Structure formats: C-alpha cells, structure tokens
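Tertiary structure, described
Below, each chain spelled out in residue letters.
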Amino acid sequence: MSRDLGGPDRTPGLTGTAVSVAPGLLGSVLTSRIGSVTVSVRLVEVEAYEGEADPGSHAYRGRTARTEVMFAAAGHLYVYRHMGLHHCVNIVTGSPGRASAVLLRAGEVIEGEEIAFVRRRAAGVCRAAVDLARGPGRLTVALGLTGAHNGSRLGADADAPLQLHQPTAEDRSVPISTGARVGVNGPGGDPATYPWRFWITGDRHVSVFRPGRPAGRPGSGRSR
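Remember, it's a predicted structure, so these values are computed and weren't measured experimentally.

Secondary structure summary: the chain contains 3 helices and 8 strands in total. Helices and strands appear in the chain in the N-to-C order α-β-β-β-β-β-α-α-β-β-β. Expressed as a percentage of its 224 residues, the buried residues of the chain come to 51%. Pairs at least 24 residues apart make up 65% of the contacts formed inside the chain by residues separated by at least 6 positions. Put simply, the chain shows about 9,900 Å² of open surface, and 53% of that area lies on carbon and sulfur atoms.

See the structure below:
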C-alpha cells in the first residue's frame, strides 16, 4: 500500500499529544472498507504513547525504519507486529516530526459482525461477539488490517477505505476510567507516572488487564 506521510490532519481532533487525544477517541467508530466488505468497531479502550518522552513507546530512542510512521502527521495508522504473533494498530496524533500515537486496545463490532467472525475464526478461536475486538490483536483482525496498512491514512470522504467517526457530545458524556497500560514493562509501566490507558467504565468489551514486569526484573523493558 502506498504511503503519504505528510499533509494536515484529515480527521479534526487528532492533532495533539497522545494523552490529550486518547480519551476523546473513546466512543469513536473506526470503519474499514476492504474490497466490498465493511466492518465498523466502536472504540472502548485505548492507550497513549508519547514517543521520545515515553519509556514505554517504540519511539523512545528516536526515529527508526520501524517507527517512521509515528513521526508523521496526525491521522496516519502505525501498524506493527507484536512478538511475531499478531498486528496492533495505532492512530498517529502528533505533528510531523514529533512521535505520538494512540494504541487501539478494544472495541465493539457494530457493523459487519459476520465478516468479523470469519476473520477472527480464521486466525484462531472466537465463540462470542463480545470477544470479536476485545484486545488489540483481535481488533486489528476483525477490521481486516495487516502490516500492509502501516502508514495509511484515515480519510474524510464517504468512500475512503479507512474512516474514523468521532463521538457526539452525548457519547462523550460516558464515564471514563484510567490506569496503567497493559503489559508495559519497566518505568513505562508505572501506573503513577503513566496512567495512560483509558477505557469506558464498565463496558464489557474492554480487554483483560495484564501488568508488565517491574523495573529491574529479568526481561523488563519496553513492550511496544
């Protein structure tokens, strides 16, 4: 897939720090149109990652071939493979040259449920609709996104293959909880310093929390 890493934010409200943008993404609907197939997911859980200022971020040590997209304009997708097992998708939020992105952790499939089931079952076991996009890898599979979508842009046009519809004022009134990011090791997993996971309180589609290793333990370090 061709990539255009420049230009302005095509989806108003995404330009800013990941921490400021992330809570506002809750209740948003991300839609993928791949071929003639449409799947839409309502976002219920996200995590903020602040690039070179964040020891939990892939971009903590600066720009690399892997993290190039994180330094692009807001509205791009950063899609990476986690531990060789599955892909995860992030929405870039920073201005060009400053890495900042929000990981999409979990959502509710509200359109294209049958297609989402087919995709999820092809990738593994999925018995219930509540689990279709309950976790970052599952969400990415349900939407049909792969590493080929790394660097693609969210569009504003009705026929754009990837669209983000942000919540109404009523949707934004839902209670939001915050806490430690899932599985982040070392300093970036400190809940007091980085309470940068945001979720809709009480929503059953939110993923299961898994803490990272404390700093100093064998294997500790950045998990994304």
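The next thing to look at is the pattern of salt bridges. Charged atoms that come close allow side chains of opposite charge to pair. Inspection of the entire model under this criterion finds 9 salt bridges. Ionic pairing is found between Glu47 and Arg105, a salt bridge with its closest N-O pair at 4.0 Å. Placement of the pair is Glu47 in strand β2 (residues 37-49) and Arg105 in strand β5 (residues 101-111), with a sequence separation of 58 residues. For the pair Glu47 and Arg105, one class covers both residues: buried. The shortest N-O distance in the salt bridge between Arg138 and Asp131 comes to 3.7 Å. The exposure class assigned to Arg138 is partly exposed, which follows from its relative accessible area of 34%. Among the ionic contacts, a cluster of salt bridges with common partners joins Glu45, Glu47, Arg105 and Arg197.

Mapped onto the fold, Arg120 is located in helix α2 (residues 113-123). Of note is the side chain of Arg120, whose polar atom sits 3.2 Å from the backbone oxygen of Asp131. The contacts of Arg120, once residues within four sequence positions are left out, are Val125, Cys126, Asp131, Leu132, Arg138, Val141 and Ala142.

Parameters at a glance
- Residues numbered from 1 in each chain as written.
- Predicted model: local features only at pLDDT ≥ 70, side-chain atom pairs only at ≥ 80, totals over all residues.
- Heavy atoms only, no water.
- Helix = DSSP H or I, 4+ residues; strand = E, 2+ residues; numbered from the N terminus.
- Buried < 20%, exposed > 50% of the residue type's maximum accessible area, 1.4 Å probe, protein only.
- Contact = heavy atoms within 4.5 Å.
- Areas by Shrake-Rupley, 256 points an atom, 1.4 Å probe, with all protein chains shown as cover.
- Salt bridge = Lys/Arg side-chain N within 4 Å of Asp/Glu carboxyl O.
- Polar contact = N/O pair within 3.5 Å; in protein donor to acceptor, adjacent residues only side chain to side chain.

Just distances and angles here, no functional claims.
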